[in-house]
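# Chains, contacts and geometry: an overview
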Amino acid sequence: VQLQASGGGLVQAGGSLRLSCAASGRIFSYYNMGWFRQAPGKEREFVASIRWSGGSTVYGDSVKGRFTISRDNAKNTVYLQMNSLKTEDTAVYYCAVARRLAAPVSIVPNEYDYWGQGTEVTVSS
């Protein structure tokens with residue numbers, strides 16, 4: 001399984017970015033996908049997750065109402081639209097694929113077994 005994340009960059013506070021994560025090597029449409037982030041010196045933090053069917057999403061409290069996760073199973077790609085960015089959103093963002101087939105959506109990192117290489121997001125004030 002390979003995950004390729006992209007779309008990170010430098011943006012001013014209040015701006016927007018759209019991250020993408022292209023997956024290969026697993027039947028993408030049957031697995032939940034998640035986004036996590038890790039800022040320097042901090043623990044990895046759950047950001048968002050989407051059910052394999054796209055019918056259910058879960059968000060971390062710090063991003064609710066600002067970020068939107070979506071997926072295109074035909075393109076084996078999951079997206080994270082990030083609006084109203086804040087300086088505290090600065091981190092490396094990782095996409096991950098769920099360990100179990102057609103499982104409930106989870107915010108727990110151990111429920112994901114393959115991770116992308118990360119894409120860096122920097123929000124300036």
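Before going into details, it helps to say that this report is about the structure given with it. It should be emphasised that the depicted structure is a prediction, and the values quoted were computed from it without experimental measurement.

Thresholds applied
- Residues numbered from 1 in each chain as written.
- Predicted model: local features only at pLDDT ≥ 70, side-chain atom pairs only at ≥ 80, totals over all residues.
- Heavy atoms only, no water.
- Disulfide = S-S within 2.5 Å.
- Helix = DSSP H or I, 4+ residues; strand = E, 2+ residues; numbered from the N terminus.
- Buried < 20%, exposed > 50% of the residue type's maximum accessible area, 1.4 Å probe, protein only.
- Pairing = 2+ DSSP bridges.
- Axes fitted to C-alpha atoms, helices over the stretch in contact; angles between N-to-C directions.
- Salt bridge = Lys/Arg side-chain N within 4 Å of Asp/Glu carboxyl O.

A few words on the state of the cysteines. In this structure the tally under the stated criterion is one disulfide. A sulfur-sulfur distance of 2.0 Å marks the disulfide that ties Cys21 to Cys95. What sets the handedness of the Cys21 and Cys95 disulfide is the S-S torsion sign, and at about 60° it is right-handed. Highlighted residues: Cys21 in strand E3 (residues 17-24) and Cys95 in strand E9 (residues 91-98), separated in sequence by 74 residues. As far as burial versus exposure is concerned, Cys21 and Cys95 are alike and both buried.

Strand pairing in a sheet takes place through backbone hydrogen bonds and is either antiparallel or parallel in direction. Across the sheet, four strands lie side by side as E1-E3-E8-E7; this open sheet has antiparallel pairing. The strands lining the two open edges of the sheet, one partner per strand, are strand E1 (2-6) and strand E7 (67-72). On average, each strand axis in the sheet is tilted by 15° relative to the strand beside it, whichever way the strands run.

Turning next to the pattern of salt bridges. The tally for this structure, following the rule as stated, stands at five salt bridges. The closest approach of N and O atoms between Asp89 and Arg37, which form a salt bridge, is 2.9 Å. With Asp89 in the loop between strand E8 (77-82) and E9 and Arg37 in strand E4 (residues 33-38), this residue pair connects regions lying 52 residues apart in the sequence. Judged by relative accessible area, which is 5%, Arg37 ranks as buried.

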